[in-house]
Amino acid sequence: LALHTKCDQTHLVSQNVSEQVIEILRVVVPSIHKALEGVQRSSATALARADQVAGQVREVKEAQAKLGEEQEKLQIQVQSLSDVPNALTQMNTSMNSLAKAVADVRACLPTPPHLT
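Residues numbered from 1 in each chain as written. Predicted model: local features only at pLDDT ≥ 70, side-chain atom pairs only at ≥ 80, totals over all residues. Heavy atoms only, no water.

Caption draft 1: Expanded view of the overall build of the protein chain. Looking only at helices and strands, the protein chain has one helix and zero strands in total. Relative to the 2.2 N^0.38 estimate, which gives 13 Å for 116 residues, the radius of gyration of the protein chain is 49 Å and therefore markedly larger than a compact globule would have. Viewed in the frame of its principal axes, the protein chain has a C-alpha envelope of about 165 × 25 × 10 Å. Counting over 116 residues, the protein chain shows a buried share of 2%. About 10,600 Å² of surface is accessible on the protein chain, with carbon and sulfur atoms providing 64% of the total. Charged side chains of the protein chain number 11 positive and 12 negative; the gap between the two group centres comes to 3 Å. (Helix = DSSP H or I, 4+ residues; strand = E, 2+ residues; numbered from the N terminus. Rg over C-alpha atoms; globule rule 2.2 N^0.38 Å. Buried < 20%, exposed > 50% of the residue type's maximum accessible area, 1.4 Å probe, protein only. Areas by Shrake-Rupley, 256 points an atom, 1.4 Å probe, with all protein chains shown as cover. Lys, Arg positive; Asp, Glu negative; His and termini not counted. Charge placed at Lys NZ, Arg CZ, Asp CG, Glu CD.)

Caption draft 2: The arrangement of the environment of Ala-35 in detail. Here Ala-35 is to be found in helix H1 (residues 2-108). You can call Ala-35 partly exposed: its relative accessible area is 45%. Taking the C-alpha atoms as reference points, Ala-35 and Pro-112, 77 residues apart in sequence, are found 113 Å from one another.

Caption draft 3: Molecular detail of a nonpolar patch on the surface. Side chains of Leu-81, Val-84, Leu-88, Met-91, Met-95, Leu-98 and Val-102 sit close together on the surface and give an oily, nonpolar patch of about 670 Å² of accessible area. The residue Val-102 is located in helix H1 in this model. The class of Val-102 is partly exposed, set by a relative accessible area of 38%. (Patch = residues over 30% accessible without salt bridge, like charges linked within 9 Å, V, L, I, M, F, W, Y side chains within 5 Å. Salt bridge = Lys/Arg side-chain N within 4 Å of Asp/Glu carboxyl O.)

Caption draft 4: Local environment of the pattern of salt bridges. Under the definition given, this model contains three salt bridges. Notably, a salt bridge pairs Arg-26 with Glu-23, separated by 3.4 Å at the nearest N-O pair. Taken together, the residues span about one helical turn, with Arg-26 and Glu-23 both in helix H1 at a distance of three residues. With relative accessibility at 57%, the residue Arg-26 sits in the exposed group. Assessed through its relative accessible area of 41%, Glu-23 is described here as partly exposed.

Caption draft 5: Structural context of the environment of Thr-111. Residue placement: Thr-111 occurs in the segment after H1. Separated by 101 residues in the primary sequence, Thr-111 and Thr-10 have C-alpha atoms spaced 146 Å apart.

See below:
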């Protein structure tokens, strides 16, 4: 009889503990579910933001590449412009040589009779 009573008491304690665990789970599981939904929303927001930032990074890299191309073009133009003074000096020298040659040719020509 004492063993039977002890078994009944153990069964009652076990049943009481089981009911308490079930009640705790009824309270805790919805809270966990809500927390997981919040984490899921936060994750989705973070992923969307990461995609947005990645897009902005791509745009910046594309702009930097275009800027580099434009800088190269400008550098070529600047180099071409730096050659202009030398070209003008050479042209001036050539024009002076041409003027001297024309003067030399005129000196060799006889004076027309109507100018004498």
